[in-house]
2 protein chains.
Amino acid sequence: MSSQSALSSAIPDTAQVFAATISDVEAAYDRISGQVIRTPLFENAAVNAACGARILIKPEMLQHTGSFKFRGASNRVALMSAAERAGGIVAWSSGNHALAISAVAARHGIHATILMPSDAPRAKIEGAERLGGTVRLYDRATEVREEIGADIAARTGAVIIPPYDDPHVIAGQGTVGLELAEQAAALGARLDMALFACSGGGLVAGAATALKARSPATQVFSVEPDGFDDTARSLASGKPERNAPGATTLCDALMVPTPGLLTFPINRALLAGGVAVTDDEVKAAMRLVYDTLKLVVEPGGVTPLAAVLAGKVDATGKTVGVVLSGGNVDPDTYATCIGA
Amino acid sequence: MSSQSALSSAIPDTAQVFAATISDVEAAYDRISGQVIRTPLFENAAVNAACGARILIKPEMLQHTGSFKFRGASNRVALMSAAERAGGIVAWSSGNHALAISAVAARHGIHATILMPSDAPRAKIEGAERLGGTVRLYDRATEVREEIGADIAARTGAVIIPPYDDPHVIAGQGTVGLELAEQAAALGARLDMALFACSGGGLVAGAATALKARSPATQVFSVEPDGFDDTARSLASGKPERNAPGATTLCDALMVPTPGLLTFPINRALLAGGVAVTDDEVKAAMRLVYDTLKLVVEPGGVTPLAAVLAGKVDATGKTVGVVLSGGNVDPDTYATCIGA
C-alpha cells in the first residue's frame with residue numbers, strides 16, 4: 001500500500017522499523033472483537049458548547065479493566081503459543097497495561113509478573129494484584145524496568161509484553177481508531193481531527209494507522225502532559241527528544257522519558273502534530289466529564305478533551321474525535337481533580 | 001387486558017385511579033424514542049462476583065440531564081398543546097425532575113418555573129438554572145411545594161408537571177422498563193428480578209407496568225433509603241404509610257413523606273415487595289461502581305445495587321436487572337461516598 005511505502009521510506013535510519021498497516025489492525029480486531037467491549041461513540045450538548053465544536057467521545061474507561069490497554073494485551077496474548085504460555089508473561093507498566101495484562105493472562109491461565117513503579121496509584125497496583133498479576137514494585141529513580149524485565153524473562157522463559165513497543169500491542173490499540181472511524185461514519189460524521197493521549201505512543205500510532213486507511217482526511221494529534229511532551233517535541237524536530245528529568249504531572253499514565261522505538265516512526269509519518277496540556281487544564285476537563293457525562297476519567301485519559309477545551313488545537317466548528325482512554329484513578333486524586 | 005382489570009379491581013377505594021397499561025408505555029416510547037438516549041444494558045464480572053448473581057446494569061446517569069427523569073418530562077411536555085405551552089410549566093422537584101423539565105422546556109421554547117428545596121444539591125439547583133429553568137427555592141420545613149405550585153399555576157396559567165403523580169410522567173419513566181425487557185431478551189437473559197430506586201414511585205410503577213407485559217416472570221422491587229421506606233411499609237400493610245419526620249439520608253433524591261396517589265395503587269398491584277438500604281450500604285455500592293464501572297452514580301441512584309450487595313433481596317444465582325437511575329451529585333458528597 002502506498003501509505004506503507006511512504007512510511008517505510010521516511011524512516012530508513014531506524015533499526016526497529018515496524019510499518020504498521022491497516023491489515024495488522026484489522027487482523028487484531030478479528031482476533032479480539034469477541035473479547036473487548038465495543039465502546040460507544042456519542043456526543044453531549046454541554047461538551048459541544050464548552051468546546052465550540054462537535055465532539056464525538058469514545059469512552060474507553062468503559063473497556064474491560066478500565067482502559068484501552070485491554071485491546072493490545074488481548075491481541076498480543078492471543079498470539080502466544082502453548083509453549084510460550086507455559087513460561088508466563090513479564091510486563092512493565094505505570095498501571096493500565098498492568099491491569100490489562102493481569103486480566104488477560106488470568107483469563108488464559110497464564111502466570112504474569114508485572115513491574116510497576118512504587119509510586120503508581122494504589123487503584124492500579126491493587127487492581128493488578130486482584131486480577132491475578134504478581135506485582136513487583138521498582139523505584140523509578142534507581143531501577144530500569146526494562147533491565148529487570150529482561151532478567152526475569154531470561155531466568156524464567158517468560159514472554160516480555162512491553163506497553164507500547166510491540167507490533168501486536170500497537171495493532172491491538174489501533175482497534176480504537178478502527179471503531180472510531182466506523183462509528184463516526186455510521187453517524188454520518190466526517191472527522192476533521194482526532195486526539196489521543198500519548199505516553200509511549202502505542203495508542204495514537206495504532207489509531208492513526210487505522211484512521212489513515214479508513215478516514216484519511218482526519219488530522220491525528222497526540223496529547224501529552226506538560227513536562228512529558230517528548231512526542232510533541234520529537235514530531236516537531238523530526239527526531240526522538242527526551243524529557244528533562246524532575247518534571248511532575250497529575251497524569252501518572254503518561255510519564256515516559258522519550259518516544260517508543262517502534263511507535264515514533266509511525267507517529268512521525270502519520271500525525272498532524274502533538275500538543276501538551278497543564279494539570280489545571282486536565283482538572284477542568286475531568287470536572288466537565290464528571291458534571292456532564294457522569295463518567296470517571298483519569299488525568300491521563302482526559303488529556304485529549306483538555307487540549308480541545310484549552311484551545312491547544314484549532315477545533316472551532318470542527319468535528320473532533322476524542323478518546324477518553326482510561327478511568328483508573330485513586331479516589332483522593334479524583335476528588336481533588338473534580339474540585340471536592 | 002386482564003392485568004389491567006385485576007389492577008382496577010384491586011383499588012376501588014382510591015379516588016385518583018390511574019391504571020397504567022403497556023399501551024401507555026409503548027405510546028410514550030413511540031413519542032420520545034427519538035429524543036431520549038437508549039441507555040445500554042451490560043454486565044461486569046467484578047460486580048457479578050461481588051453480588052453472587054448476574055447483574056444486568058442499565059446506567060440511566062448516561063441519559064440526558066443525568067437521570068431517567070428526562071423520559072417522563074419528554075413524554076409529558078410532548079403532549080402539551082400550543083396554548084398550554086404559551087402559559088409555561090411549573091414543576092417541583094428535589095433535583096432530577098427539575099433538570100429534566102428545564103432541559104425539555106428549553107428545547108421546546110417553553111418557560112419553566114421550578115420549585116426546589118433550599119437544601120437540594122448545588123449541582124441540581126445550578127444545573128436547572130443553567131439549562132434555562134427559573135428556580136424558586138422553598139423551605140422543606142415550613143412551605144408546601146404543591147401549594148406554591150398551584151398558586152403559580154393559578155396566577156400564570158402554567159401547566160403543573162409533578163414529578164411522579166402524573167399518568168404521562170409515569171408512562172415516560174416506564175420506558176426504562178420497556179428497554180430493560182427488550183435488552184435483556186436480546187442478550188438471551190431471563191430476568192428473575194428487577195430493582196428500581198423509589199421516591200414517589202413513578203419509575204418503578206411505570207417500569208413494573210412494562211415488565212408485567214414484556215417479562216411477566218420478573219419480580220419487581222422498589223428500593224428506598226432507611227427512614228424513607230414509606231413504599232416498602234405501604235406495600236407490606238396494603239395502605240399508604242407515612243415516614244416519621246426528622247429522618248436523614250444521603251439519598252437526596254428519595255425523600256418523600258408518603259407514596260404517590262397514582263403510583264401506589266400501581267405498585268401495590270404489581271410489585272413483589274419493597275426493601276430499604278442504609279447510607280453505608282449506599283456508599284459501598286457507589287465505591288463499587290466507581291472502582292469497576294467508571295460511572296458516576298448519585299446516592300439515590302445506586303440504591304438498587306446497594307440492596308443486592310447487602311442481601312436485601314434473595315438474588316443469589318439469579319439474573320437481576322439493576323437500574324442506576326441518576327448521577328447528579330455534588331463533588332464533596334461524591335468524594336465522601338467513594339472514600340476519598
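Notes on the structure follow. (Residues numbered from 1 in each chain as written. Chains lettered and ligands numbered in written order. Predicted model: local features only at pLDDT ≥ 70, side-chain atom pairs only at ≥ 80, totals over all residues. Heavy atoms only, no water.)

**Considering the overall build of chain A**
Logical step 1: Helix and strand content of chain A: 16 helices and 9 strands.
Logical step 2: Relative to the 2.2 N^0.38 estimate, which gives 20 Å for 340 residues, the radius of gyration of chain A is 18 Å and therefore close to what a compact globule would have.
Logical step 3: By its C-alpha atoms, chain A is 55 × 50 × 40 Å across when sized along the principal axes.
Logical step 4: Looking at chain A as a whole, 60% of its 340 residues are labelled buried.
Logical step 5: Long-range contacts, defined here as pairs at least 24 residues apart, represent 72% of the contacts in chain A between residues at least 6 apart.
Logical step 6: Accessible surface for chain A amounts to roughly 11900 Å². Of this, 51% is attributable to carbon and sulfur atoms.
Logical step 7: The centroid of the 28 positive side-chain charges in chain A is displaced by 4 Å from the centroid of its 34 negative side-chain charges. (Helix = DSSP H or I, 4+ residues; strand = E, 2+ residues; numbered from the N terminus. Rg over C-alpha atoms; globule rule 2.2 N^0.38 Å. Buried < 20%, exposed > 50% of the residue type's maximum accessible area, 1.4 Å probe, protein only. Contact = heavy atoms within 4.5 Å. Areas by Shrake-Rupley, 256 points an atom, 1.4 Å probe, with all protein chains shown as cover. Lys, Arg positive; Asp, Glu negative; His and termini not counted. Charge placed at Lys NZ, Arg CZ, Asp CG, Glu CD.)

**Some thoughts on the interface of chain A and chain B**
Logical step 1: Opposite the 20 residues of chain A that make contact, chain B presents 20 residues.
Logical step 2: Overall, the association of chain A and chain B removes approximately 1500 Å² of surface from exposure, summing both partners, and the carbon and sulfur fraction of that is 65%.
Logical step 3: It is A:Y290, A:K294 and A:P331 that lose the most area in chain A upon contact with chain B, and together they represent 42% of the buried surface on that side.
Logical step 4: The interface formed by chain A and chain B includes 0 salt bridges.
Logical step 5: Those elements that place two or more of their residues in the side of chain A that touches chain B are α14 (279–293) and α16 (331–337) of chain A.
Logical step 6: If you tally residues by element for the side of chain A that touches chain B, the top one is α16(A), at 4 residues.
Logical step 7: Of the residues belonging to the side of chain A that touches chain B, the class tally is 12 nonpolar, 4 polar and 4 charged. (Buried area = accessible area lost by both parts, 1.4 Å probe. Salt bridge = Lys/Arg side-chain N within 4 Å of Asp/Glu carboxyl O. Nonpolar A, V, L, I, M, F, W, Y, C, P; charged D, E, K, R; others polar.)

**What to know about the nonpolar core**
Logical step 1: Counting 80 residues, the largest nonpolar core has A:L305, A:Y334, B:L305 and B:Y334 as its most contacted members.
Logical step 2: Residues contacting A:L305, with those up to four places away along its chain left out, are A:V47, A:C51, A:I55, A:A285, A:L288, A:V289, A:V322 and A:L324.
Logical step 3: Membership of the second largest hydrophobic core comes to 28 residues, among which are A:L180, A:A194, A:F196 and A:V220. (Core = buried A, V, L, I, M, F, W, Y, C linked by side-chain atoms within 4.5 Å.)

**Thoughts on helix α11 (residues 202–214) of chain A**
Residues and elements named next belong to chain A.
Logical step 1: Given a rise of 1.5 Å per residue, 13 residues ought to cover 18 Å, and the 18 Å separating the end C-alpha atoms of α11 matches this to within 8%.
Logical step 2: Across the 13 residues of α11, 10 count as buried, placing the element largely inside the fold.
Logical step 3: Regarding α11, the residues found buried are G202, L203, V204, A205, G206, A207, A208, T209, A210 and L211. (Expected span 1.5 Å × (residues − 1).)

**Examining the sheet that holds strand β9 (residues 319–324) of chain A**
All names here are of chain A.
Logical step 1: As summarised here, the arrangement of the 5 strands in space is β1-β9-β6-β7-β8, forming an open sheet in which the pairing is parallel. Edge positions in the open sheet fall to β1 (54–59) and β8 (273–277), since each of these has one partner strand only. Put simply, the sheet's adjacent strands are angled 25 degrees from each other on average, direction ignored.
Logical step 2: Inspection of the sheet shows β1 paired to β9 by 6 bridges, in the parallel sense. Residue pairing across strands places P59 opposite L324, the latter belonging to β9.
Logical step 3: Along the sheet face, α14 touches β1, β8 and β9 and points at about 85 degrees away from the line of β8. (Pairing = 2+ DSSP bridges. Axes fitted to C-alpha atoms, helices over the stretch in contact; angles between N-to-C directions.)

**Regarding the state of the cysteines**
All names here are of chain B.
Logical step 1: Under the defined criterion, the tally for this structure stands at 0 disulfides over all chains.
Logical step 2: Between C51, a free cysteine, and C251, which holds the nearest cysteine sulfur, the sulfur-to-sulfur gap is 17 Å.
Logical step 3: For C51, a relative accessible area of 10% translates into the label buried.
Logical step 4: This cysteine, C251, is not joined by any disulfide, and C337 carries the nearest cysteine sulfur, 8.5 Å off. (Disulfide = S-S within 2.5 Å.)

**What about the side chain of B:T263?**
Residue and element names in this part refer to chain B.
Logical step 1: Examined against the element boundaries, T263 turns out to sit in helix α13 (residues 263–270).
Logical step 2: At 2.7 Å, the side chain of T263 forms a polar contact with the backbone oxygen of G200.
Logical step 3: Not counting the four nearest positions on each side in its chain, T263 is found in contact with Y164, D165, I170, G200, G201, G202 and A205. (Polar contact = N/O pair within 3.5 Å; in protein donor to acceptor, adjacent residues only side chain to side chain.)

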